[in-house]
Structures are given as C-alpha cells and as structure tokens.
Amino acid sequence: MIERAAILSTGDEITTGKVVDTNSNYLADKLIEAGVDVAAVITVGDVVERIVWAWRQAMQQADVIISTGGIGPTADDLTTELVAKVAGVDLFFSEEVAEKIRRVFASLNRPMPENNLKQAQFPVGSVIIPNHLGTAPGYRLDLDTPHGRKHLVVLPGVPREMKPMMEETVLPWLRSM
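Model, not experiment: these values are computed from the prediction.

Caption draft 1: Summary view of unusual backbone geometry. Of note, N109 is a non-glycine position whose phi angle comes to about 55°, a positive value. Mapping N109 onto the fold places it in the loop between α5 (95-107) and β5 (121-123). Accessibility expressed as a relative area gives 71% for N109, which makes it exposed.

Caption draft 2: Spotlight on the nonpolar core. Core analysis: the biggest nonpolar cluster contains 33 residues, and L8, I42, W55, I65, V83 and L152 have the highest contact counts within it. Taken together, the elements giving at least two residues each to this core come down to β1 (4-10), β2 (37-44), α3 (48-61), α4 (79-87), α5, β7 (138-145) and β8 (148-155). For this core, the leading source of residues is α3, giving six residues. Excluding anything up to four places from it in sequence, L152 contacts W55, M59, I65, V83, Y139, R140, L141 and L143. Membership of the second largest hydrophobic core comes to 20 residues, among which are M166, V170, W173 and L174.

Caption draft 3: Expanded view of the side chain of K150. Inspection of the secondary structure puts K150 in strand β8. For the buried K150, no salt bridge is present, and the opposite-charge side chain at shortest range is D63, 4.5 Å distant. A distance of 3.3 Å separates the side chain of K150 from the backbone oxygen of H147, its partner in a polar contact. Those residues in contact with K150 that sit more than four places away from it in its chain are M59, A62, D63, L141, D142, L143 and T145.

Caption draft 4: Broad picture of the sheet that holds strand β6 (residues 127-129). Pairing within the open sheet is mixed, and its six strands lie in the order β2-β1-β3-β8-β7-β6. Every interior strand has two partners, whereas the edge strands, β2 and β6, have only one. With direction set aside, neighbouring strand axes in the sheet form an average angle of 20°. With three bridges connecting them, β6 and β7 associate as antiparallel partners. Among the inter-strand pairings, I129 is bridged to a residue of β7, identified as G138. Contacting β1, β2, β3 (64-68), β7 and β8, α3 runs over the sheet at an angle of about 175° to β2. Sheet contacts for helix α6 (residues 159-176): β3, β6, β7 and β8; angle to β8, the most-contacted strand, approximately 160°.

Caption draft 5: Representation of the side chain of Q119 within the structure. Mapped onto the elements, Q119 comes out in the loop between α5 and β5. When neighbours within four sequence positions are excluded, Q119 is seen to be in contact with I71, G72, P73, V97, I101, T135, A136 and P137.

Caption draft 6: Highlighting the pattern of salt bridges. One pass over the structure, following the stated rule, counts six salt bridges. Taking the shortest distance from any N to any O, the salt bridge between R102 and E95 comes out at 2.7 Å. Taken together, the shared-partner salt bridges connect K30, E33 and E167 into one network.

Cut-offs used in this document
- Residues numbered from 1 in each chain as written.
- Predicted model: local features only at pLDDT ≥ 70, side-chain atom pairs only at ≥ 80, totals over all residues.
- Heavy atoms only, no water.
- Helix = DSSP H or I, 4+ residues; strand = E, 2+ residues; numbered from the N terminus.
- Buried < 20%, exposed > 50% of the residue type's maximum accessible area, 1.4 Å probe, protein only.
- Core = buried A, V, L, I, M, F, W, Y, C linked by side-chain atoms within 4.5 Å.
- Contact = heavy atoms within 4.5 Å.
- Lys, Arg positive; Asp, Glu negative; His and termini not counted.
- Salt bridge = Lys/Arg side-chain N within 4 Å of Asp/Glu carboxyl O.
- Polar contact = N/O pair within 3.5 Å; in protein donor to acceptor, adjacent residues only side chain to side chain.
- Pairing = 2+ DSSP bridges.
- Axes fitted to C-alpha atoms, helices over the stretch in contact; angles between N-to-C directions.

What follows is the structure, encoded as structure tokens:
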C-alpha cells in the first residue's frame, strides 16, 4: 500500500532559478487527488553526490518517489545511472526503446546523435513507462530496502511529456496499489 510520496526534481536550471519548477506543484496536486500524502519535495542540481543524497533521503521519507528530470541524452543527465547505483543494480539496454528513438529521428529526417541511445538504458528490474511525445521514456523500479518496499518512478523533466505519462500510466498504477 502506498501512503506517502516524495517528489524529486533534478536540474541546475531549477536550482539556479532559470526555470521555475512547475512539475513538483503538478505532481503534488495529482498525488493528493489520488489520496497519497506528499511527505517531501526535494530539488537538487546536476551533481552526483546531491542526486544520490536526494534519492536516499526520499526513500527514507516515502513509499513512492517520483522524480522528474535528468533522463535526457546529455552528459549532465545523471538520474538513471544514479538510480541504478542507489538501487544496487546494473543498467540494461532496451533495443526496443533504441529502435523507437531511431524512428523518431528518421521521421523528422534528422540524423540521430549517438548519445540519444543513453535514453534506452534502464536499471535492471525496471518497468518502462512509454513517452509518446519525446525520446526519453520513464520507468518504475520497485525495491525492497531496509526502510521497506519502495517504488521509484522516473519521468522526464519536460512538462508536456511528463504530464501525459503521469496521467496515462503512473496514476492508474498508483490507484491500483
């Protein structure tokens, strides 16, 4: 049973004030509507130690942690590899997701930068959450920890991609729990 949630937003653009974090507000509203208590909202920049700290803190406070940001193709997109580290699992490569990314670029008649294939890596044990509006799918990872069963949900930081993923996939899953 999921009773408490933590929201984790990552990105230097948020911590420096260049971008307003509307994702946390949106997620908090949706979680409260679903009957889930929001125990914490944590925002950190794109720094390895801070992201690892934030995930560990969130897992101590909540049953479900919903993260936005840090799953793009650039070098500062660190979320997936750090979730795997915190979870103590390896990454796996999804050829199915890689093919979808290749098709998106082909449909735009643009060459695909190889670093976009970073978005086809996921922590072992993840359930992939489709992204119909972008190249970065999200995922859910369920873990048994010293603090009990935890559910990690990782979504993109782009609001127009994140919101449909939350409404179409994450909220129905949450309600079933």
